Amino acid sequence: MMLELAIGDAYGAGFEFASSEFVKRNNNLSEYFKHPYHKLIPGSYTDDTQMSIAIAELIIENEKFTKENIADKFVEVFKRDSRRGYSSRMFNLLQKVDNGKELLEIIKPISDKSGSAMRVGVIGFLPDIDEIKEYATLQARVTHNTRAGVNNAIASALMPHYFIYGLGSRKQLGEFVSSHVSGNWEKPWEEKVGSKGYMSVKAAITAIQE
């Protein structure tokens, strides 16, 4: 899963919020493309994969899954492999701090964008849905401590869980997610995908179902 996440992340990084003309012209799976204005080197994964690695390591190491330990891990993996792909604000914060305690003291976790949902795929491996909700919520609260930020993360974590444990057909994915977290996730997404997290998650569910 981690390798597939990194490949998809690195490929998608070339197109995020680029013009529709650029996407139509280049989105052919032939190579990694340089984003029109981002500095990320083509083929490099972003913060989404790096923070997924942090969450995976914390789970594997069997450390207590707390907001403080999650923040520590986010800082640790960034410090050992500092890379672009984070928002400029988050990148600057991670450069300033030395540990998770410092990060939690200065961060303003008010975002409702997609970051909290992009790094939770590995949480879907957990067998218990209540535990998935708990873990997804805790990691979201480090950076996206809003109702939308938390719900987006839970919905995103439930998606791989649904398929890993064979809980139904892909056509029923949205219904399954909606049965566990509010958000009308079964309704097909037909609008432009902007920066709000729910847009990305709903668009992903729609793409899978179709």
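This report concerns the structure included in the present document. (Residues numbered from 1 in each chain as written. Predicted model: local features only at pLDDT ≥ 70, side-chain atom pairs only at ≥ 80, totals over all residues. Heavy atoms only, no water.)

**Structural notes on helix H9 (residues 147–164)**
- Look at H9: 26 Å from first C-alpha to last across 18 residues, which is about the 26 Å you get at 1.5 Å a residue.
- For H9, a buried count of 14 out of 18 residues is recorded, marking the element as mostly surrounded by other parts of the structure.
- Downstream of H9 by a residue or two, glycine 166 has a phi angle that is positive, lying close to 55°. (Helix = DSSP H or I, 4+ residues; strand = E, 2+ residues; numbered from the N terminus. Expected span 1.5 Å × (residues − 1). Buried < 20%, exposed > 50% of the residue type's maximum accessible area, 1.4 Å probe, protein only.)

**With respect to a nonpolar patch on the surface**
- Judged by side-chain polarity, Met1, Phe125, Ile164, Tyr165 and Leu167 come together as a nonpolar surface patch covering roughly 430 Å² of accessible area.
- Structurally, leucine 167 is set in the loop between H9 and helix H10 (173–178). (Patch = residues over 30% accessible without salt bridge, like charges linked within 9 Å, V, L, I, M, F, W, Y side chains within 5 Å. Areas by Shrake-Rupley, 256 points an atom, 1.4 Å probe, with all protein chains shown as cover. Salt bridge = Lys/Arg side-chain N within 4 Å of Asp/Glu carboxyl O.)

**Section: the pattern of salt bridges**
- Counting across every chain of the model gives eight salt bridges.
- Of the charged contacts in the structure, one is a salt bridge between lysine 196 and aspartate 112, with a shortest N-O distance of 3.1 Å. Here aspartate 112 lies in the loop between helix H6 (100–106) and helix H7 (115–118) and lysine 196 lies in the loop between H10 and helix H11 (197–209), a separation of 84 residues in the sequence.
- A relative accessible area of 32% places lysine 196 in the partly exposed class.

**Re the environment of asparagine 152**
- Within the element layout of this structure, asparagine 152 appears in helix H9.
- Residue class for asparagine 152 comes out buried when judged on its relative accessible area of 2%.
- Sequence separation between asparagine 152 and alanine 136 is 16 residues, and the spatial gap between their C-alpha atoms is 9.1 Å.
- Apart from the residues within four sequence positions on either side, asparagine 152 is in contact with Asp112, Lys113, Ala117, Trp185, Gly197, Tyr198 and Val201.
- Only 3.5 Å separates the side chain of asparagine 152 from the backbone nitrogen of tyrosine 198, close enough to count as a polar contact. (Contact = heavy atoms within 4.5 Å. Polar contact = N/O pair within 3.5 Å; in protein donor to acceptor, adjacent residues only side chain to side chain.)

**Concerning the environment of glycine 14**
- Assignment of secondary structure puts glycine 14 in the loop between helix H1 (2–12) and helix H2 (20–26).
- Taking the relative accessible area as the measure of exposure, glycine 14 reaches 2% and is therefore buried.
- Separated by 192 residues in sequence, glycine 14 and threonine 206 have C-alpha atoms that sit 22 Å apart.

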